[in-house]
Amino acid sequence: MALVTGESLKSELEMFDIACQDDYALDKMVEQCICNRIQADEMVLEWVAYSTTKNGLKLTVDTLEQFEHEVLNKKNKHKQSFRKEEALNRTRDIHSLQDLIKAEEEEENLLDSYSTPAKGSQKRALTTPEHPHSKRSAALLASPGLLLSPASFSPSSTPSQKYSQRGGKGEVVVTFGAVQGTRWAGRKAPGAGVELELLEGPEDSLRCSYKYMFQRLRDVRNVLTEKIEELGEGLKSHFNIEEFSPVSLPAQDGITVLGQVCCDSNGKLNAQSVLLEAGPEQGGQQVPVDLSELKEYSLFPGQVVVMEGMNTTGRKLMASKLHEGVPLPFYTSEVKMEMDEEPMNVLVACGPYTPSDSLTFDPLLDLINVIVRDRPDVCLLLGPFVDSKHEQIEKAQVTETFEAIFTRCIDSIVDGTKSVGCRLVFVPSQRDIHHHFIYPQPPFTLPNLNKDQAQRVTLVPDPCTLLIDGVTFGLTSTDILFHMGAEEISCGSGSDRFSRILKHMLTQRSYYPLYPPVEEVNMDYEKFQSFGQLPLTPDVLIIPSELRYFVKNVVGCVCVNPGRLTKGQVGGTYSRLLIQRSATSEDEKRVSPCLAAQVVKI
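Residues numbered from 1 in each chain as written. Predicted model: local features only at pLDDT ≥ 70, side-chain atom pairs only at ≥ 80, totals over all residues. Heavy atoms only, no water.

As named in an unreviewed UniProt entry, the chain is DNA polymerase alpha subunit B, taken from Dicentrarchus labrax. Taken from UniProt, the Sequence similarities (unreviewed entry) comment for the chain reads in full: "Belongs to the DNA polymerase alpha subunit B family." UniProt's Subcellular location (unreviewed entry) comment on the chain is quoted here verbatim: "Nucleus". (UniProt positions renumbered as here; feature names shortened; annotations may be inferred.)

Novice: Where do I start with the packing of helix H9 (residues 362-374) against helix H11 (residues 402-416) in this structure?
Specialist: Helix packing geometry: the angle between the two helix axes and the distance between the axes. It is at 10 Å that the axes of H9 and H11 come closest, and there the two elements cross at 20°. In terms of their interaxial angle, H9 and H11 are classed as roughly parallel. Crossing hand, H9 versus H11: right-handed. Along its contact with H9, which presents Leu364, Ile368 and Val372, the element H11 presents Cys409, Ser412, Ile413 and Gly416. In terms of residue class, the contact of H9 with H11 is built from five nonpolar, two polar and no charged. (Axes fitted to C-alpha atoms, helices over the stretch in contact; angles between N-to-C directions. Helix = DSSP H or I, 4+ residues; strand = E, 2+ residues; numbered from the N terminus. Parallel < 35°, antiparallel > 145°, perpendicular 65-115°, else oblique. Left-handed = near helix turned anticlockwise from the far one by under 90°. Contact = heavy atoms within 4.5 Å. Nonpolar A, V, L, I, M, F, W, Y, C, P; charged D, E, K, R; others polar.)

Novice: What's the story with the pattern of salt bridges in this structure? I'm lost.
Specialist: Should their charged atoms come close, side chains of opposite charge can pair. The tally for this structure, following the rule as stated, stands at 16 salt bridges. One salt bridge in this structure joins Lys601 and Glu171, with 3.9 Å as the shortest N-O distance. Of this pair, Lys601 sits in strand S22 (residues 594-601) while Glu171 sits in the loop between helix H7 (161-164) and strand S1 (172-177), and the two are 430 residues apart along the sequence. A relative accessible area of 28% places Lys601 in the partly exposed class. Judged by relative accessible area, which is 38%, Glu171 ranks as partly exposed. Glu400 is the salt-bridge partner of Arg408, the closest N and O atoms lying 3.1 Å from each other. (Salt bridge = Lys/Arg side-chain N within 4 Å of Asp/Glu carboxyl O. Buried < 20%, exposed > 50% of the residue type's maximum accessible area, 1.4 Å probe, protein only.)

Novice: Teacher, can you tell me more about the state of the cysteines here?
Specialist: As used here, a disulfide is simply a covalent bond connecting the sulfur atoms of two cysteines. Under the counting rule described, the total for this entry stands at zero disulfides. In this model Cys263 remains outside any disulfide bridge; the closest cysteine sulfur is found in Cys262, 7.8 Å from its own. (Disulfide = S-S within 2.5 Å.)

Novice: How should the side chain of Ser412 be read in this particular structure?
Specialist: Its place among the elements puts Ser412 in helix H11. Polar contacts involving the side chain of Ser412 include one to the main-chain carbonyl oxygen of Cys409, which spans 2.6 Å. (Polar contact = N/O pair within 3.5 Å; in protein donor to acceptor, adjacent residues only side chain to side chain.)

Novice: Would you mind showing me how to read the packing of aromatic side chains here?
Specialist: Given two aromatic rings, one states the distance between the centres and the angle between the planes to describe the pair. Tallied over the entire structure, the rule returns 14 aromatic pairs. Plain terms: the ring middles of Tyr210 and Tyr212 are 6.1 Å apart, the flat faces sit at 80° to each other, and that makes the pair edge-to-face. A residue is classified by how much of its surface remains accessible, and Tyr210, at 11% relative accessible area, is buried. Judged by relative accessible area, Tyr212 falls into the partly exposed class, the value being 25%. The positively charged end of Arg166 is found above the aromatic ring belonging to Tyr163, 4.0 Å away from the centroid. (Phe/Tyr/Trp six-rings, centres within 6.5 Å; stacked < 30°, edge-to-face > 60°. Lys NZ or Arg CZ within 6 Å of the ring centre and 35° of its normal.)

Novice: Quick question: what am I supposed to make of the sheet that holds S1 here?
Specialist: Pairing between the strands of a sheet comes from backbone hydrogen bonds, and it takes one of two forms, parallel or antiparallel. Within the open sheet, the seven strands sit side by side as S1-S22-S21-S9-S10-S11-S12. Their pairing is mixed. The open sheet has two free edges, formed respectively by S1 and strand S12 (457-459), since each of these has just one partner strand. Going across the sheet, the axis of each strand differs from the next one's by a mean of 15°, ignoring polarity. Sheet topology note: the S1/S22 ladder contains five bridges and is antiparallel. The partner of Gly177 across the bridge, within S22, is Ala596. Contacting strand S10 (378-382), strand S11 (423-427) and S12, H11 runs over the sheet at an angle of about 160° to S11. (Pairing = 2+ DSSP bridges.)

Novice: Help me understand the pairing of S10, please; the structure alone is not making it clear to me.
Specialist: Across a regular strand the side chains alternate sides, sitting on one face of the sheet and then on the other. Among the five residues that make up S10, five are buried, leaving the element largely enclosed by the rest of the structure. Alternating positions in S10 separate into two faces, Val378, Leu380 and Leu382 on one and Cys379 and Leu381 on the other, with burial throughout. Inspection of the sheet shows strand S9 (residues 344-350) paired to S10 by five bridges, in the parallel sense. Paired with Ala349 across the strands is Leu381, a residue of S10. Taking the sense of rotation as the criterion, the β-α-β connection linking S9, H9 and S10 turns out right-handed. (Right-handed = clockwise from strand over helix to strand, strands pointing away.)

Novice: Explain H9 to me, please; I cannot follow it from the model alone.
Specialist: Quick reminder: α-helices carry 3.6 residues per turn. Residues three or four places apart thus point the same way. When the terminal C-alpha atoms of H9 are compared, their 18 Å separation across 13 residues agrees well with the 18 Å that a helix rising 1.5 Å per residue should span. Taken together, the buried positions of H9 are occupied by Pro363, Leu364, Leu365, Leu367, Ile368, Val370, Ile371 and Asp374. Positive phi appears at Arg375, one or two residues downstream of H9, with a value of about 50°. (Expected span 1.5 Å × (residues − 1).)

Below, the structure is given as structure tokens:
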């Protein structure tokens, strides 16, 4: 720091046309600069700002004292508290922490040697040759046997107490299908002969990162318009509708209109705020909808529907009938099923894989033990792997890069399941801090996998449709259930909310039918049109959520919410499915390939 003198202050003051004849005032200012460690130019700027707010104060010793009391002292206090906070938040690596603990222990030993212990009480247990380390240092020494050494990720690498003390390990909380006498194990030659690929093929799937934040409003409008027209065509042919009327044209007879449901403001949708927005072919206008005559309905913003009703004034549609979308057909395999084909065991788990109060990957290690024990054929693992909502990541208390933590996490899964030989599928999440948080989300990149590992690992985008041994799986790690559950309104429909939302996804033929999306979902609409739609109705839909786990059959599709592997500081759940490609039954009815499913506590 350059030395502040009266001359330097005088020249800075002259720049702002401030005359200073009083030498005492100038000396006072120099003193303030030195005491507060402020440079001359910064000091003059602070004075100019202060004097301006006080209607042009004259520069005297008295006014400078007033200035010191009101501005400089407060500034100093703020600086000190910031430094204190910075010192507290500064992360240290494992070695510096161990040095710090060692020094603390030496200090305590020294103090203990001078103090006289009280009768019957001794603060610290005496160390013996068998147990030379204190508990504190023992907690920080990473066991070399562990695949994941938490100490290298975070300074507070003490395992989560709540997670280790959890109850109900391995308890089955949801069952579906013929579970009695089911053997939850993979085929005799695990992973062998399992055909696993993206349904659309690698050429038509999202394979690598792309440029985002370049979309224009015109492009978004075109995507939404095409969605209305495409779903409208399906509804037209299914319900034998001749043609759709413009929504805002006054008519004395009953009319049939096509459009997208939206809200009349930025708030939450309710029965009084429903608007129907038509596509350009039907005039492209919005009309308020009166739902009072409808006995039952279930609506959400972005839903494409057909409504029948009266619009005598052109200003309000009195809806009398509501037609929702129609699901797409299921996948039909060309390959004949072998009679003695064994069922396939599929394990599904969704992150986070660490408790919220610690960056130890104990739940993940427990999951690897489950995989080794049950030997499934396929493991579907959905993110987040390095969770952006984790306390220590939010507070920047990790000592390694996010990519390094992720790579170590994946390596531990791949190496830990080597003996099983199962196929591993990794799906990214919007909450993965090291990855692009855009929707649709490109797959992870793992350049360090060797040839043997790469044959077992499949990296897929979010969302995607997989074909596993002739059975289709729809996968998404985005919590659409939670997002749509907050926006959907319904009346008189007998089914539960989960079933309604899942049915909407299948009838709207989209992995994310909500528009506008929630704030945390950064949607790229052009890519969404190509990669975010359902190409068919999947046999199994994996849809993890913060909401309660379940397994449900919705219009023939088995929908599974496996829950999250950790819920806050305690253990969560994972799911396992028994899949067998089924031939059609004698009366030509489709039989679901999901024989049985369970949701199990970790």
